[in-house]
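# Architecture at a glance
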Amino acid sequence: MTAPFFTQKDPIKYRKGKGLSYRWYDPDKVVLGKRMEEQLRFAVCYWHSFTWPGGDAFGGETFNRPWMHTADEMEGARQKADVAFEMFDLLGVPFFAFHDRDIAPEGASLAESNRNVREIGELFAKKMEKSKVRLLWGTANLFSNRRYMAGAATNPDPEVFAYAAAQVKNVLDLTNELGGANYVLWGGREGYETLLNTDMKRELNQLGRFLNMVVEHKNKIGFKGTILIEPKPKEPTKHQYDFDVASIFGMLKQFGLENEVKINIEQNHAILAGHTFEHELALATALGIFGSIDINRGDYLLGWDTDQFAMNIPEMALACYYIFRAGGFTTGGFNFDAKIRRQSIEPDDLLEAHVASMDACARGLLIAEKMIKDATLDTFVEDRYAGWGGKEGKAILAGKRSLDDLSDYVLKKKLDPQPKSGKQEYLERLLNEYL
Ligand code: XLS
Ligand code: NI
Ligand code: NI
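Being a predicted model, the structure only gives us computed values, none of them experimental.

This part takes up empty space enclosed by the protein. Within the structure shown, the criterion is met by 2 cavities of 30 Å³ or more. By volume, the largest cavity is sized at about 170 Å³. Leu 185, Trp 186, Gly 187, Glu 190 and Leu 207 are the residues nearest the centre of the largest cavity, which is lined by 15 residues in total. Elements with a minimum of two residues in the lining of the largest cavity: β6 (182-185) and α7 (200-221). Split by residue class, the lining of the largest cavity holds 11 nonpolar, 2 polar and 2 charged. Taken as a whole, the second largest cavity holds about 50 Å³ of empty space.

As structure tokens, this is what we get:
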């Protein structure tokens with residue numbers, strides 16, 4: 001028996017109780033018209049919290065989790081589920097998320113792997129009767145096994161494509177049965193290392209077909225959740241096709257899926273793509289494909305996916321501003337795709353990390369609320385574009401002016417537009433005032 005695993009025994013509450021407590025995350029506090037719990041929709045991710053042993057490229061396991069060392073792997077999977085639900089209930093989070101291979105060991109055949117996943121899925125269903133936790137999303141791990149080394153949907157071998165499809169079917173069915181709010185596709189190996197062995201056009205078409213098959217299956221089984229794609233520019237693949245929000249949007253348009261699929265944006269992936277987190281959030285919102293968030297923090301000095309817990313309050317405030325001024329989440333939420341550092345070896349370090357980051361997100365939301373209600377920023381931006389509300393501005397956008405028309409207009413009116421200050425430093429000071 002592994003559970004109880006944590007020394008913390010009492011459910012963690014807002015500013016009360018023994019041991020850990022939330023300082024800012026008050027689930028019942030109404031912010032921007034909804035309870036904080038409903039606005040933030042926090043999820044614990046299964047992989048980093050319960051399946052990652054604390055290794056890095058130069059050294060192995062540091063955590064020594066008992067469920068990773070059982071003689072019978074399925075017994076380990078059951079113990080892991082016990083600890084996971086112990087943590088969900090201690091934190092009081094409304095959601096969790098998993099890959100098939102996080103929750104159950106891969107078997108000798110697909111049939112056996114599917115059975116393992118199903119068995120733990122049934123255990124989840126039982127545990128969910130007693131817990132308030134719900135499933136934010138499920139996903140298939142189409143990147144760890146060596147069969148996927150050259151990609152899943154984009155593999156040169158159609159049998160690998162078929163295997164990946166079969167794996168997705170199993171997890172999408174399970175996600176549906178568990179009442180999941182979304183299903184995620186992250187294509188870690190959908191890309192290439194060298195063009196010398198790659199037919200890019202063919203691979204992109206394969207990916208488009210795969211995505212369409214997922215949507216067709218979703219409709220067939222009546223899954224009510226949202227299909228999400230998670231962009232990442234590189235790692236493990238050198239050139240990844242789902243690089244960022246913009247490239248996914250192009251792909252969705254190409255394959256006729258822009259109304260079917262939305263995006264799961266991860267902070268660390270945004271900065272690896274050379275963007276700010278808010279850039280990706282604002283672009284997805286502008287394109288109407290914002291779905292959900294993998295909340296974490298990348299290290300600006302490192303060029304890889306460190307997946308640290310988000311703790312930076314000014315950054316969270318800005319992110320929350322762009323998320324909640326656009327209306328916030330529908331089926332999505334803040335999923336902690338984040339791992340504790342490999343030296344954080346005490347069981348309760350897992351709780352500390354989640355509590356601290358939930359508080360940082362809650363503070364971000366509270367600051368964003370001030371910014372949204374005050375509206376000085378919004379008004380500034382609106383005023384900046386006020387000219388477009390005039391007669392000529394409207395006519396241009398409505399397609400009623402040609403290059404000839406505008407040339408005549410400028411010459412006749414002898415226009416000489418004068419630059420206006422962008423007032424960046426004033427706006428930065430304003431932002432600091434809210435913090
Ligand atoms: C890896 C991704 C992964 C996805 C789910 O970089 O973030 O964890 O969120 O497959
Ligand atoms: Ni992620
Ligand atoms: Ni990541």
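Six octahedral donors around a metal ideally make angles of 90 or 180 degrees; four tetrahedral donors ideally make 109.5 degrees. For the nickel ion (ligand 2), the full set of protein donor atoms is Glu 230 (OE), Glu 266 (OE), Asp 294 (OD) and Asp 337 (OD), and the range of their distances to it is 2.0 to 2.1 Å. Here the donor residues of the nickel ion (ligand 2) are spaced in sequence according to E-x35-E-x27-D-x42-D. Between the two metals, the nickel ion (ligand 2) and the nickel ion (ligand 3), the spacing is 4.6 Å, and Glu 266 donates to both. With Glu 230 in the loop between β8 (226-229) and β9 (239-240) and Glu 266 in strand β10 (residues 261-266), this pair connects stretches of sequence that are 36 residues apart.

The omega angle of the peptide bond from Ala 3 to Pro 4 is 0°, so this bond is cis rather than trans. Tracing the backbone through its elements, the reader meets Pro 4 in the segment before β1 (30-31). Cis geometry is adopted by the peptide bond preceding Pro 236, which originates at Glu 235 and carries an omega value of 5°. With respect to the element layout, Pro 236 can be found in the loop between β8 and β9. Backbone geometry places Leu 32, a non-glycine residue, at a positive phi of 50°. Leu 32 gets classed as partly exposed once you look at its relative accessible area, which sits at 28%. Although it is not a glycine, Arg 41 sits at a positive phi angle of roughly 45°. Among the structural elements, Arg 41 can be located in the loop between α1 (36-40) and β3 (42-45). According to the relative accessible area criterion, Arg 41 is buried, its value standing at 16%.

Taken N-terminus to C-terminus, the directions of helix α3 (residues 73-91) and helix α5 (residues 110-130) make an angle of 30°; their axes are 11 Å apart at the nearest point. Taken together, the axis directions place α3 and α5 in an arrangement best described as roughly parallel. The element α3 and its partner α5 pack so that their crossing is right-handed. In this structure, α3 uses Met 74, Ala 77, Arg 78, Ala 81, Asp 82 and Phe 85 to contact α5, whose residues at the interface are Asn 116, Glu 119, Ile 120, Leu 123, Phe 124, Lys 127 and Met 128. Class assignment of the residues belonging to the contact of α3 with α5 gives a composition of 8 nonpolar, 1 polar and 4 charged.

Extensive coverage of strand β11 (residues 290-294) is indicated by the burial of 5 of its 5 residues. Two elements, β10 and β11, share 4 bridges in a ladder whose sense is parallel. Its bridge partner lying in β11, Ile 265 is registered against Ile 293. Direction of pairing for β11 relative to strand β12 (residues 334-336): parallel, over a ladder of 2 bridges. Across the sheet, residue Ile 293 finds its bridge partner in β12, namely Phe 334. Crossover handedness for the path β11 to helix α11 (residues 313-324) to β12: right-handed.

The rules we used
Residues numbered from 1 in each chain as written. Chains lettered and ligands numbered in written order. Predicted model: local features only at pLDDT ≥ 70, side-chain atom pairs only at ≥ 80, totals over all residues. Heavy atoms only, no water. 1 Å grid on protein atoms, 1.4 Å probe; cavity = no way out; pocket = protein on both sides within 12 Å on 5 of 7 lines; lining within 4 Å. Points joined across faces, edges and corners; volume = space filled by probe spheres on them. Helix = DSSP H or I, 4+ residues; strand = E, 2+ residues; numbered from the N terminus. Nonpolar A, V, L, I, M, F, W, Y, C, P; charged D, E, K, R; others polar. Donors = N, O, S within 2.8 Å, 3.2 Å for Na, K, Ca; no water. Buried < 20%, exposed > 50% of the residue type's maximum accessible area, 1.4 Å probe, protein only. Axes fitted to C-alpha atoms, helices over the stretch in contact; angles between N-to-C directions. Parallel < 35°, antiparallel > 145°, perpendicular 65-115°, else oblique. Left-handed = near helix turned anticlockwise from the far one by under 90°. Contact = heavy atoms within 4.5 Å. Pairing = 2+ DSSP bridges. Right-handed = clockwise from strand over helix to strand, strands pointing away.

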